Amino acid sequence: MICLDHITLREIRLALKEPFRISSGVMADRRILLLELIDAGGATTWAECVAFQRPIYTPETIDTAWLAIREWLAPRLLGRSLPSADVVHDILDENIRGHNMAKAALEMGCWALEAETRDLSLSQLLGGTRASVPTGISLGIQPAPPLLVERAVAAVAAGYNKIKLKIQPGQDVEYVRAVRAALGDHVEIMADANAAYTSDDIDHLVQLDAFGLLMLEQPFGADDLLALAELQRRMSTAICLDESITDVRRARDMIALGSGKIINIKPGRVGGFTASKAIHDLCAEAAIPVWCGGMLESGIGRAHNVALASLPNFSLPGDLSPSARYWAADIVSPEWTMDAGGMVGVPRDRRGIGVDVDTQRIDALTVRSEVLRAESVTVAFA
Ligand code: OSB
Ligand code: MG
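The shown structure was predicted, so the numbers you read here are calculated from the model rather than taken from an experiment.

### Details of the packing of helix 3 (residues 100–117) against helix 11 (residues 273–285)
Then comes step 1: Contact pair helix 3 / helix 11: the axes reach a minimum separation of 8 Å and the direction vectors enclose 90°. Viewed along their axes, helix 3 and helix 11 adopt a mutual orientation that is roughly perpendicular. Across the interface between the two elements, Glu107, Met108 and Trp111 from helix 3 touch Phe273, Thr274 and Lys277 from helix 11.
Then comes step 2: Broken down by class, the residue content of the contact of helix 3 with helix 11 amounts to three nonpolar, one polar and two charged.

Right under this line is the structure:
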């Protein structure tokens, strides 16, 4: 049983150690939306809304998410007795379109709260089975191939199990060729275009087949499932969908149309853990591998992702880099670390999200906050 007494929204600023460039823009100082959820019984937990500052990845931003949570989503949950977190997805989804990252932050917070109150780890509550999960690294677009090669070589030496290269038109084939030549044939390499190409680029992209990539992530726009199917027919490299998969129905469409062979599950993008589990289960039945993507999260979002990635069909390395790859100091302790084999431990012996949240540091980093309570919010959809 969960009954949310109040939720505190906070925006913190956290500087990335180095800017991260994808085809649609660059991120340097992260504005991060955190939720602290407090149960009527006194239990507390944290969740992270993974929306970025600008709509360069999906249409949401942290400002749209703040509005959606305050005005439409949180009022549906506050003060209401819920038997378990698995009912929250449908409550938030009914007659409210989109805003998946806003929904996910609340929904995942409810799962974490249920784990707290039932004295389970989040991994156990979700059905996770593994004590550690393999991680890969996602390398942003660099000004020239040698700079990317340098980072890729260092990442392999650090133990990462998969090297993902961001690409965009004009910075693709030669970059991938250089990294493959430097790393040799036995390292798992993949590329991610973040929707930068169109069906006019099919002949160009087919050249990537020469480099033995593990997969090519989201070459075309989120809605371009037919064009993606055409590309998949022309390429031997497996296409992986990220932005296209916003719920379990899109995963079914991908399978039916042949638009891809692998799915990157980001719980924020699909509206939370219930949808993530549904996609995970569907893909397990269809022999489609899945892996857990990343959104340059703080240690709070990372805790949620690591718990999800401990489910059995997360059979490929996730974008689950340790804290030190992103931040001078994280907001959780212990910080997330990776061993020499590129494995991240799942804190299955700890209750809830499995790390302590550094509330003093969060206080110091907070630039705005708002407390949402049942009595103080307008119920927009009575
Ligand atoms: O497409 O997976 C993506 C970062 C920003 C926007 C989109 C993506 C990414 C990443 C980062 O690849 C992965 C990470 O969090 O380390
Ligand atoms: Mg991606």
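### A word on the confidence of the model for the protein
Then comes step 1: Here the protein averages 97 in pLDDT, and 98% of its residues register 70 or above.
Then comes step 2: Mean pLDDT across the elements of the protein ranges from a minimum in strand 4 (residues 81–82), with 96, to a maximum in strand 10 (residues 239–241), with 99.
Then comes step 3: Scored below 50 in pLDDT, residues 378–382 makes nine contacts in the model with residues more than four places away or belonging to other chains.

### Looking at helix 5 (residues 145–158)
Then comes step 1: When the terminal C-alpha atoms of helix 5 are compared, their 20 Å separation across 14 residues agrees well with the 20 Å that a helix rising 1.5 Å per residue should span.
Then comes step 2: For helix 5, the full list of buried residues reads Leu148, Val149, Ala152 and Ala155. The buried residues of helix 5 occupy an angular sector of 125° when the element is viewed end-on, so they sit on one face. Looking at helix 5, the residues exposed on the side facing more than 90 degrees away from the buried face are Pro146, Glu150 and Ala157.
Then comes step 3: Buried positions along helix 5 lie against strand 6 (137–139), strand 7 (163–166) and helix 6 (173–183).

### Section: empty space enclosed by the protein
Rolled over the atoms, a probe as big as a water molecule pinpoints where empty space is left.
Then comes step 1: Tallied over the entire structure, the rule returns five cavities of 30 Å³ or more.
Then comes step 2: Its boundaries defined by the atoms lining it, the largest cavity holds a volume of some 160 Å³.
Then comes step 3: In terms of lining, the largest cavity is formed by 15 residues, of which the most central are Phe20, Ser138, Lys166, Gly294 and Leu296.
Then comes step 4: Elements represented by at least two residues in the lining of the largest cavity include exactly strand 1 (2–22), strand 7 and helix 13 (323–326).
Then comes step 5: Split into classes, the residues belonging to the lining of the largest cavity amount to seven nonpolar, three polar and five charged.
Then comes step 6: Considered as a void within the structure, the second largest cavity measures approximately 80 Å³ in volume.
Then comes step 7: The wall of the second largest cavity is formed by 14 residues, among which Glu48, Val50, Met108, Gly268 and Gly301 lie closest to the centre.
Then comes step 8: Secondary-structure elements contributing two or more residues to the lining of the second largest cavity are strand 3 (44–49), helix 3, helix 10 (267–270) and helix 12 (299–309).

### Overview of the environment of serine 333
Then comes step 1: Considering the arrangement of structural elements, one finds serine 333 in strand 13 (residues 332–333).
Then comes step 2: Serine 333 sits in the partly exposed class, given a relative accessible area of 40%.
Then comes step 3: Taking the C-alpha atoms as reference, serine 333 lies 6.5 Å from valine 357; in sequence the two are 24 residues apart.
Then comes step 4: Ignoring any residue separated from it by four or fewer positions in sequence, one finds serine 333 in contact with Arg350, Val355 and Asp356.

### Observations concerning the pairing of strand 1
Then comes step 1: Sheet topology places strand 1 next to strand 4; two bridges connect them, and they run antiparallel. Bridged to cysteine 3 within strand 4 is serine 81.
Then comes step 2: As judged from the 14 bridges shared by strand 1 and strand 2 (residues 25–39), these two strands associate in the antiparallel manner. Within strand 2, the position partnered with threonine 8 by the bridge is glutamate 36.
Then comes step 3: Hairpin connection of strand 1 to strand 2: two residues between the antiparallel strands.
Then comes step 4: Examined bridge by bridge, strand 1 and strand 16 (residues 366–373) share seven bridges and lie antiparallel to one another. Looking at the pairing, threonine 8 lines up with valine 371 of strand 16.

### Overview of the site of ligand 1
Then comes step 1: Taken together, the neighbourhood of ligand 1 is formed by 18 residues, with Ser138, Asn194, Lys266, Leu296 and Tyr326 sitting nearest.
Then comes step 2: The side chain of aspartate 242 places a nitrogen or oxygen atom 3.1 Å from an oxygen atom of ligand 1.
Then comes step 3: With respect to the pocket detection grid, ligand 1 is positioned in the largest cavity.
Then comes step 4: Contributing elements (two or more residues each) for the shell around ligand 1: strand 1 and strand 7.
Then comes step 5: The residue makeup of the shell around ligand 1, split by class, is eight nonpolar, three polar and seven charged.

Cut-offs used in this document
Residues numbered from 1 in each chain as written. Chains lettered and ligands numbered in written order. Predicted model: local features only at pLDDT ≥ 70, side-chain atom pairs only at ≥ 80, totals over all residues. Heavy atoms only, no water. Axes fitted to C-alpha atoms, helices over the stretch in contact; angles between N-to-C directions. Helix = DSSP H or I, 4+ residues; strand = E, 2+ residues; numbered from the N terminus. Parallel < 35°, antiparallel > 145°, perpendicular 65-115°, else oblique. Contact = heavy atoms within 4.5 Å. Nonpolar A, V, L, I, M, F, W, Y, C, P; charged D, E, K, R; others polar. pLDDT = per-residue confidence, 0-100. Expected span 1.5 Å × (residues − 1). Buried < 20%, exposed > 50% of the residue type's maximum accessible area, 1.4 Å probe, protein only. Arc of directions from axis to C-beta. 1 Å grid on protein atoms, 1.4 Å probe; cavity = no way out; pocket = protein on both sides within 12 Å on 5 of 7 lines; lining within 4 Å. Points joined across faces, edges and corners; volume = space filled by probe spheres on them. Pairing = 2+ DSSP bridges. Near = heavy atom within 4 Å. Polar contact = N/O pair within 3.5 Å; in protein donor to acceptor, adjacent residues only side chain to side chain. Sits in = over half its atoms within 2 Å of the grid points.

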